[in-house]
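Observations on the model geometry
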Amino acid sequence: MSAYRLTSGGLIDRGAPLNFTFDKAGLSGFAGDTLASAMLANDQLLMGRSFKYHRPRGVFTSGSAEPNALVTTGSGTRREPNARATMVELHEGLTAISQNRWPSLKHDLGAINNLMSPLFSAGFYYKTFMWPSAFWEKLYEPVIRRAAGLGRTTLKRDPDTYEKVWHFCDLLVIGAGPTGLMAALTAGRAGLRVVLADEDFRLGGSFLCETQMLDGRPASVFAQDLLEELSALPNVTLLPRTTVFGWYDDNVFGAVERVQKHVAIPLDKLPVERLWRIVAKRALLATGAEERPLVFGGNDRPGVMMASAAVAYAARFGVAVGRRVAVVTASDSGWHSAAALARCGVQVSTLIDARPGAVAPPGLVLPEGMRQLAGAQVVDTLGRLRVEGLVIERAGYEERIDCDAVAIAGGFNPRVHLACQRGAKPSWSEPLQAFLPPDVGPAFQAAGAAAGVWTLSDCLRDGAEKALALADELGRRASLPDLPVVDDEASDSTPAAPVWLMPGARSKAFVDFQNDVHAGDLALALREGFGHVEHAKRYTTNAMATDQGKLSGVNASGLLAAMKGLSPDKVGITTYRPFYTPVSFGALAGAGRDEEAVAHRHSPLHGWAKSEGAVFVEAGLWHRPAYFARPGENGWRASVEREVTTVRQAVGLCDVSTLGKIELFGPDAAEFLNRLYCNPMLKLPVGKARYGLMLREDGMVFDDGTVSRLGHQHYLITTTTGMAAKVMSHMEHAAQVLWPFLNVRFVSVTEQWAQMSLAGPKARAVLQAVVEDDIGRAAVPPLAAQTVRLRSGVKGRLFRISFSGELAYELAVPAGHGPAVARALMAAGQPHGITAYGLEALNVLRIEKGHVTHSELDGRTTPDDVGLGRMLSQQKADFIGKRMSERYGLTAADRAQLVGLVPVDRSRTMRAGAHLLREGAKPSTLNDQGHVTSACVSPTLGHAIALALLKSGRERLGERVIVWDKLHNEEVLAEVVSPVFVDPDNSRIDPEDLA
Amino acid sequence: MTGDATRLRPASDASDEAWHAYVYLRANPKGVHLEHWQHVGGCRRFLVVERNTATHDVLSVADAAELARGGAA
């Protein structure tokens, strides 16, 4: 036994024992423990195996920077890999298992990698597994992945819920330590809306492991009083268990709150994690500082840990990390930690200070019987699964030091990450020997240890003063709270030059514990030309693990600087990016998963379509009916065939509400539309609709639709479903940026109208049963656009527009009336055998008629390419796309042009996307002649048909081409024909009145 | 964001070069730049935003239509 629970002290509840398991062994801890502190109390020093060499590792920190103690918690669907034992709050029934070891944590066969480590130097993978290239995917990568790794996630569905919230505040204080608490108190008392967030489950930060008294009271009691006052203030929001992980534009901060990660079975009513987006007028970085590890031989042996962690385990958790603790330091902070350990009742046997001639800071009460060795270097550690001693060198002499735990203290690194996430770099301070946060403006400032303020009383003052200044800026009068007196506080001593590497290492001196990068790897990177801090990072993988180099980043920079003979200032530090610590996908997704992953839009006729048996398909955000399955129909094709045939022979009803609808008003509306479309719009009469084609400024087709003139200065245009938003923005650009002098206003009315297409020879008869006004051939001729009164009294808009080539109407009614009107039409159509038809049938009908959609209008086609060249107005002075349409490349005769294809063997089918080749040509994209844009089996013709873009296609009618689909390995011989397969004379669109 | 706000649409009979420049060429300066931004989730106005592309500091904002009409912006 070496680590053990102290009989008193700490912020744990010894009256509330909690049972948990580690690798199936039953252990117990107390309420207030973390998994790491509870394991230590059970003398479970060994907590994991390292990533590459499978070296035994123990807990190294007491916080979120932990690189070693990664475990998998929970089981089944709640299994969570790579949990830092230092951040897992202990609860009854917690199960944890170790990772990256086989067959067990104590006996890990993967440790053979350690013996072969001369092979596994930095860049090993790049150098070794290069050849043959096919081996990488099939052999090297799978084997490497199995050997080196972290925990495994579960592939089962996450049973828990997550949520996202927005929050607004005057001041966000990040970190609830002494600095943050004083800042929150100052701002909170002045009435500011304050959010105080801290990643720990208990607020208080370093107060919780402070062994000095404040105004004669324990620091934790002082902190508790502050928290009680803060929680009573209605304008202060306290967020424990909340990590602020990112800083974004407009002073928006991302934070994740672990609402129920510390319970065995979460309550259904609450999310397990909550993602906060906090919009803060001002924010204060009060994240404190991370203690800097010392790099020496064997510094990764279990039992070696940060001095601050050893103090935290003793003071906060009542756990002694050993019975004979050695402190290794390169600064005064190690002496203070030794004293703090002694105050908690932990035996410190030896203190080794790398600085020659170092003596105890004045006034510090040192542990009784502690041996002091100044100017000594640790060259190795003894022991295997736990440290049993140190080998030191002092003035040329070697000595073995007996110990069962090592607390290391290499100075402090302010936690500057958040302030650097938007591009600014931290700056090296020579006097403080630390990287300090950059000046990123008044909205986000650092205070306390995060700003390089070291002593407790200075931090308290700094937090209060900075909050005071911020309150003042925001127009609130605040006053400085009374600051406590810290008993026996040591003066702020100037740190000595940091020891980046203790010389003479006998075994690997680790820099990055999680990714197994040692000092030699960085030296190798430098020798091989990867000495830039960003190159060295990639070459060695230093700071690339899940801890993102919280402990290793600054040391790597310092080592590179020392090797180059430069100041760390010149070497800099690698870029800090969100997230500060790992955030679960669940929290980022929030409620947005499965069908809620994206917003979806339903047409006003959605419910009606559902009741008709619609099978829906996603079209952008819309869910549109693909087809309407009827009992006995086997698969979608049978339904589509029936729908198409019914439309051609009788009548069908289709929901077209999703088309974009934009209404325009104003004296210049006609002129505006005339400039927007490539075909003429000025002379469109009131009560008429016209097909229109919009181009982009580069001459390619942008979108198509109809333009209806409802009144002298009143138009309604439609867009395709997919392009509605883009067309709206395009029009706004034209109206506001290009021609702001035109007097026109427009608004989207897509959601306001339910619109249905009634098509087929019986369409007029069915419609007349529902519409009161005369809709005969004379009253409503082709391309009529007028207001009609329905028999129900509802007023609608009727358009004589046909996409199917049949006699067809589009009837629009206010959205709320849509379902009733659709049902009335279906009832009126029943004697005629009406069917509802969906997107698939609509597509077949339009392919049969050679009408284009965005399959053809793919952003690379001109009006002429798709056979609409006559629409390009030659008379208009200007319209969007006019000038660029005249370019040679857009008028060349060998452009791909729209044609139809019919398979020579009528039993064959074709697929969209297939390439066209000359008959007899070798299947190769070098011989490409064009491609199939749309294909279907035509129920009307009884065989497959396709639309295609073929080089000079219109000159090649009658020619045979090969339709080559490499993906499906198909070749079909097809004849080039006109793209209009059905009713080329348009004889069906306006039949005689039958009624 | 729709990019460079300094370009003006040429007359329909302007030279090929002028049209080529308008349709295809964009300055991508590091530093202060005038850009068109559209307030898509709100008023739908196109704005001319003077922004430092290196620091993301927004220096001024004007309504594009008002600016084009020569109004106070």
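Bear in mind the structure is a predicted one, so any value in this text is a computation, not a measurement.

The rules behind the values
- Residues numbered from 1 in each chain as written.
- Chains lettered and ligands numbered in written order.
- Predicted model: local features only at pLDDT ≥ 70, side-chain atom pairs only at ≥ 80, totals over all residues.
- Heavy atoms only, no water.
- Pairing = 2+ DSSP bridges.
- Helix = DSSP H or I, 4+ residues; strand = E, 2+ residues; numbered from the N terminus.
- Contact = heavy atoms within 4.5 Å.
- Buried area = accessible area lost by both parts, 1.4 Å probe.
- Salt bridge = Lys/Arg side-chain N within 4 Å of Asp/Glu carboxyl O.
- Disulfide = S-S within 2.5 Å.
- Domains from an automatic or database assignment.
- Axes fitted to C-alpha atoms, helices over the stretch in contact; angles between N-to-C directions.
- Polar contact = N/O pair within 3.5 Å; in protein donor to acceptor, adjacent residues only side chain to side chain.
- Phe/Tyr/Trp six-rings, centres within 6.5 Å; stacked < 30°, edge-to-face > 60°.
- Buried < 20%, exposed > 50% of the residue type's maximum accessible area, 1.4 Å probe, protein only.
- Lys NZ or Arg CZ within 6 Å of the ring centre and 35° of its normal.

Details of the pairing of strand S24 (residues 387-394) of chain A
Residues and elements named next belong to chain A.
- Summarising the sheet, strand S23 (residues 376-383) and S24 pair through 7 bridges and their orientation is antiparallel. Note that in S24 the partner of Gln-377 across the bridge is Glu-393.
- The hairpin formed by S23 and S24 contains 3 residues between the paired strands.
- Sheet topology places S24 next to strand S25 (residues 397-402); 6 bridges connect them, and they run antiparallel. Counterpart to Ile-392 in the pairing with S25 is Glu-399.
- Hairpin connection, S24 to S25: the antiparallel pair is bridged by 2 residues, and Ala-395 has positive phi, about 50°.

Re the interface of chain A and chain B
- With 23 residues of chain A in contact, the opposing surface of chain B contributes 21 residues.
- With both chains or domains summed, chain A and chain B bury close to 1800 Å², and 51% of this area falls on carbon and sulfur atoms.
- Its largest share of buried area at the contact with chain B, chain A owes to Glu-697, Gln-736 and Arg-883 of chain A, together 35% of the area lost on that side.
- There are 4 salt bridges connecting chain A and chain B.

Some points on the state of the cysteines
Residue and element names in this part refer to chain A.
- A full pass over the atoms with the stated rule returns 0 disulfides over all chains.
- Residue Cys-344 stays outside any disulfide, its sulfur separated by 9.4 Å from that of Cys-209, the closest cysteine.
- The thiol of Cys-936 is not disulfide-bonded; the next cysteine sulfur, from Cys-654, is found 15 Å away.

Some words on the domain arrangement of chain A
- Its domain assignment divides chain A into domain 1 (162-289 + 415-474), domain 2 (495-571), domain 3 (601-658 + 752-845), domain 4 (660-748) and domain 5 (893-994).
- For domain 1 of chain A versus domain 5 of chain A, the separation of C-alpha centres amounts to 66 Å.

Quick look at the sheet that holds strand S2 (residues 13-22) of chain A
Residues and elements named next belong to chain A.
- The strand order S3-S2-S8-S6-S7 describes an open sheet built from 5 strands, whose pairing is mixed. Sheet topology places strand S3 (25-31) and strand S7 (80-84) at the edges, where each strand pairs with a single neighbour. For this sheet, the mean inter-axis angle between neighbouring strands, taken without regard to orientation, is 40°.

Let's talk about the side chain of Gln-38 of chain B
- Mapped onto the elements of the fold, Gln-38 of chain B is located in strand S2 (residues 32-38).
- A polar contact of 3.2 Å, which involves the side chain of Gln-38 of chain B, links it to the backbone oxygen of Arg-44 of chain B.

What about the pattern of salt bridges?
Residues and elements named next belong to chain A.
- Following the criterion strictly, the structure yields 55 salt bridges over all chains and no others.
- The salt bridge involving Arg-918 is made with Glu-959; its shortest N-O contact spans 4.0 Å. Separated by 41 residues along the polypeptide, Arg-918 in strand S47 (residues 915-918) and Glu-959 in the loop between strand S49 (943-951) and strand S50 (960-965) bring together distant segments of the chain.
- Within this structure, Arg-55, Arg-57, Asp-300 and Asp-516 form a network of salt bridges that share partners.

Digging into the packing of aromatic side chains
All names here are of chain A.
- Summed over all chains, the structure comprises 15 aromatic pairs over all chains.
- For the ring pair Tyr-313 and Phe-317, a centre distance of 5.8 Å and an interplane angle of 40° mean the geometry is tilted.
- On the basis of relative accessibility, which here comes to 2%, the residue Phe-317 falls in the buried class.
- Every member of this aromatic cluster is reached through a ring pair, and the members are Phe-60, Phe-510 and Phe-513.
- When the ring centre of Phe-510 is taken as origin, the NZ or CZ atom of Arg-57, which lies over that ring, is 4.8 Å away.
- Lying across the ring of Tyr-580, Lys-550 places its NZ or CZ 4.4 Å from the centre.

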